[in-house]
Amino acid sequence: ADSEAALGFVAWTLAAGCPLICSNKLPGAELIMEGHNGYCIDDNDENAICERIARLRQDATLAQSIGEQACETAYRYFSSKANGRWTHILNGVED
């Protein structure tokens, strides 16, 4: 159940066009391409979290680009017919 919730969190964050900064151990983290649609960091690496946040705050163009790529990633992975089951789960309808 926790991994499904984490995957839902990743999916909805990407779909909202938010640059995601997450643990590389989070279910769904494999969808994050470093610096392209978000950032994956090692657990408990506070310096990396702060550095990524600062980078996004200082560079609005980068934040916008990563957000747009995040949204495209969500669309590609969660709304395609190949992954239609995930779309149903994320919409609260299980087969």
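Preceding this paragraph is the structure being described.
Before going into details, it helps to say that this report is about the structure given with it.

Let's shift gears to the nonpolar core. Most often, soluble globular proteins keep nonpolar side chains buried together rather than apart. Ranked by size, the top nonpolar core spans 13 residues in total, and within it L14, L20, C22, I32, C40 and F78 carry the most contacts. Going through the elements one at a time, α1 (2–15), β1 (20–23) and α3 (60–78) are the ones with two or more residues in this core. It is α1 that contributes the most residues to this core, four residues altogether.

Another point: α1. The end-to-end C-alpha distance of α1, which contains 14 residues, comes to 20 Å, matching closely the 20 Å that a straight helix rising 1.5 Å per residue would cover. Every buried residue belonging to α1 is among A6, L7, G8, V10, A11, T13 and L14, and all of these are buried. Once α1 finishes, G17 follows within two positions and takes phi at roughly 80 degrees, a positive value.

On to α3, then. Compared with the 27 Å implied by 1.5 Å per residue over 19 residues, the 27 Å span of α3 between its first and last C-alpha is a close match. By the burial criterion, the buried members of α3 are I66, G67, A70, T73, A74 and F78. Down the axis of α3, the smallest arc covering the buried residues is 120 degrees, so these residues share one side. Along α3, the residues that are exposed and aim more than 90 degrees away from the buried face are T61 and Y75. Measuring from the backbone nitrogen of T61 back to the side-chain oxygen at the start of α3 gives 3.2 Å, which picks out D59 as the cap.

On to the packing of helix α2 (residues 46–58) against α3, then. Closest axis-to-axis distance for the α2/α3 pair is 5 Å, and the angle between their directions is 105 degrees. By the angle between their directions, the pair α2 and α3 is classed as roughly perpendicular. Within the contact between the two elements, α2 uses R55, L56 and Q58 and α3 uses A60, L62, A63 and I66. Taken together, the residues of the contact of α2 with α3 break down into five nonpolar, one polar and one charged.

Cut-offs and rules
Residues numbered from 1 in each chain as written. Predicted model: local features only at pLDDT ≥ 70, side-chain atom pairs only at ≥ 80, totals over all residues. Heavy atoms only, no water. Core = buried A, V, L, I, M, F, W, Y, C linked by side-chain atoms within 4.5 Å. Buried < 20%, exposed > 50% of the residue type's maximum accessible area, 1.4 Å probe, protein only. Helix = DSSP H or I, 4+ residues; strand = E, 2+ residues; numbered from the N terminus. Expected span 1.5 Å × (residues − 1). Arc of directions from axis to C-beta. Polar contact = N/O pair within 3.5 Å; in protein donor to acceptor, adjacent residues only side chain to side chain. Axes fitted to C-alpha atoms, helices over the stretch in contact; angles between N-to-C directions. Parallel < 35°, antiparallel > 145°, perpendicular 65-115°, else oblique. Contact = heavy atoms within 4.5 Å. Nonpolar A, V, L, I, M, F, W, Y, C, P; charged D, E, K, R; others polar.

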